[in-house]
Amino acid sequence: MISLRIARIAVVGLSLVPALVSAQEERSPKTSAALQKHIVERDYPELFGSKAYRTKVENILSVDLDRDGNSELVVVFAPHYRQSAPIVIYRVSKTLEVTRVMEGLAPGSLVPLSGAYLDSHSLGQGVDFTLNAKDGPIDREKTLKGLFQSRFGGIVEYRSFFHADGRTGEPAYIDMRHVEVPRGKTNCENFEFSHVDGIAAGALKADPTKVLLVARVGPELWLYHISEFLPTGLLRKEVRVEKLPVDFVRFAPGSNPILLYETSARDVQPLRFPPR
C-alpha cells in the first residue's frame, strides 16, 4: 500500500517547493538529506564542463514503484536544457546509499520550441545521428553501452534517430521511441519536451495490485507501470496515455493507495478510464 503526505524539505543549494514524501518513511528527513548530498556532491544535474546552474526541484514523490520493499524517490526537475528529463528516479538503500536510475522520463508529446531552455548543440556538445541497420536489427543495450563508453554522457533515443551530448557525471538516458517526432525529422532542432504539470503515484481502483506513476501533461495523463529496474540502468516499463477527466482540478493530496483527484465540484473521485 502507498501512503503519501505533504511535507517540506529544506535543501541548501537547491531551489525547492513543497514536495511529497512518504508517510510510511520514518527516516524521510535522513532520506532527503542523503538525496541532497548525492545531488550536490556526487551527481549534480545537467553539468556541462564546470558550468553549474542552480537546480530547481518542483516535486519529490516517495513510492515503491517495483514493489520490492524499498521506496524510490521520483524527482520532478525544472530542466535548464531541453534534452534533459524532467522526471528523474533515485533509489535509496536501507543504508541511505543513493543511486540515480540512468533512464529518466519525459512524458508528453514533443512540442514547438518555447525559448525557455538552453540547447546542448549551441555549446558544441550535442549531436543528432542515425544508425545504419543494414546488417540487421540494432542491439539497443549494446549500442547504448558503446555510446556511453565514448564521450557522451546524455542520450535521448527517438524512433528514427539519437541525440547525444557531452554532459558530465553519471550517464543519463531518455526513451522517446513511443512519441511521434514532428514532421518526421531526424534531429531535435525544432522541438522540446512537454512541461510536467504534476505527478502522483498509486493504483487504479480497477487494478489495485499495480503501482502506477502518473504525470499530468496539459490535457493528458501519462501512466507508467515500472515493473523492474534493470541492471543496465534502463526501466522495464509500460506506458499508456489517457485523456484528463473533464472535471479534473488536481491530484488529491493525502494518504491515497488509490489514485484520486479533486474535481471542479470540489469533491474527490478515483481516476477511472474506459476499458481497453
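Further up the page is the structure itself.
Basis of the calculations
Residues numbered from 1 in each chain as written. Predicted model: local features only at pLDDT ≥ 70, side-chain atom pairs only at ≥ 80, totals over all residues. Heavy atoms only, no water. Buried < 20%, exposed > 50% of the residue type's maximum accessible area, 1.4 Å probe, protein only. Helix = DSSP H or I, 4+ residues; strand = E, 2+ residues; numbered from the N terminus. Pairing = 2+ DSSP bridges. Axes fitted to C-alpha atoms, helices over the stretch in contact; angles between N-to-C directions.

Participant: What exactly am I supposed to notice about the pairing of strand 15 (residues 198–204) here?
Facilitator: Within a regular strand, side chains alternate between the sheet's two faces. Most of strand 15 sits out of view: seven of its seven residues are buried. For strand 15 and strand 16 (residues 207–217), the ladder comprises six bridges, and the chain directions are antiparallel. Bridged to Ala 201 within strand 16 is Leu 213. Taking the residues that link successive antiparallel strands as the turn, the strand 15-strand 16 hairpin has two residues.

Participant: Can you help me understand the sheet that holds strand 19 (residues 248–251) in this one?
Facilitator: Remark on secondary structure: sheet strands pair via backbone hydrogen bonds, oriented parallel or antiparallel. Spatially, three strands are ordered 19-20-21 in an open sheet, and the strand pairing comes out antiparallel. Bordering the open sheet on either side are strand 19 and strand 21 (268–270), each of which pairs with just one other strand. Strand-to-strand twist of the sheet, defined as the mean angle between neighbouring strand axes without regard to direction, takes the value 40°.

Participant: How do you make sense of the pairing of strand 20 (residues 260–263) when you look at a structure like this?
Facilitator: Covered by surrounding structure in strand 20 are Tyr 261 and Thr 263 only, the residues Leu 260 and Glu 262 on the alternate face being uncovered. As paired strands, strand 20 and strand 21 are joined by three bridges and run antiparallel to one another. When the bridges of strand 21 are listed, Tyr 261 appears paired with Gln 269.

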